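Close look at the chain arrangement
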Amino acid sequence: MKQKKTGLHPKIRDYGKEILDHESYKGLKDFKQHGSVSVHEHCLRVADTSLRINEKLKRLKMHLNERDMVRGALLHDYFLYDWHDKKARRKLHGFYHPGEALKNAERDFNLTKKEKNIIKQHMFPLTITKIPTNRESWVVSIADKWCSLVETVRMRKPS
Ligand SMILES: [Fe+2]
Ligand SMILES: [Fe+2]
């Protein structure tokens, strides 16, 4: 699936406005996710990819809540620390950052149950007990894995 480099999807701008305008959320620009991609940019990519997957699902007559899906995608990695920092919780980051993201998201925004589940469940199957309980969680979880793969492969130099 193609990664869109420029231009914010209108639905991300619309559904995500409250989140994207929040000062604390803008702090994600200061932390790197993979290579030169910031956590902020990564979250935008995951939201964009989720919307693209959803376009395909619509053709199969599956209807998802796009607002919850976009907001959940934007907030899925709302942890505010450098996970590459050895002194921080790098080793356990994969297991614990959904909880950290949820804590920050609940502090700053009023979340629906589905948005909370998207954040909590996005690392499945690593977090084996947090099985996605709705379609939106599955889509964001898959979009996250795809975007992470692309970001990681891009930062490797061709040999
Ligand atoms: Fe994550
Ligand atoms: Fe992510």
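Structural data are supplied above this passage.
Read on for a plain summary of the structure. (Residues numbered from 1 in each chain as written. Chains lettered and ligands numbered in written order. Predicted model: local features only at pLDDT ≥ 70, side-chain atom pairs only at ≥ 80, totals over all residues. Heavy atoms only, no water.)

**Here we look at the pattern of salt bridges**
By the definition in use, this model includes 14 salt bridges. When the shortest N-O distance is used, the salt bridge between K58 and E55 registers 3.2 Å. With a gap of 3 residues between them, K58 and E55 both fall in helix α4 (residues 39-59), about one helical turn apart. Overall, the relative accessible area of 30% leaves K58 in the partly exposed class. Among the ionic contacts, a cluster of salt bridges with common partners joins K11, E55, K58 and E66. (Salt bridge = Lys/Arg side-chain N within 4 Å of Asp/Glu carboxyl O. Helix = DSSP H or I, 4+ residues; strand = E, 2+ residues; numbered from the N terminus. Buried < 20%, exposed > 50% of the residue type's maximum accessible area, 1.4 Å probe, protein only.)

**Overview of the coordination of the iron ion (ligand 2)**
Each protein donor to the iron ion (ligand 2) is listed here as H42 (NE2), H76 (NE2), D77 (OD) and D144 (OD); together their distances run 2.1 to 2.2 Å. Given 4 donor atoms and angles of 85 to 177° at the metal, the environment of the iron ion (ligand 2) is assigned as irregular. Read from N- to C-terminus, the donor residues coordinating the iron ion (ligand 2) fall into the pattern H-x33-H-D-x66-D. The distance between the iron ion (ligand 2) and the iron ion (ligand 1) comes to 3.5 Å, and D77 binds to both of them. One end of the pair, H76, is in the loop between α5 (66-75) and α6 (93-108); the other, D144, is in helix α8 (residues 135-154), with 68 residues separating them in the sequence. Of the residues examined, D144 reaches a relative accessible area of 4% and is grouped as buried. (Donors = N, O, S within 2.8 Å, 3.2 Å for Na, K, Ca; no water. Tetrahedral: all angles 85-135°; square planar, octahedral: opposite > 155°, others 65-115°.)

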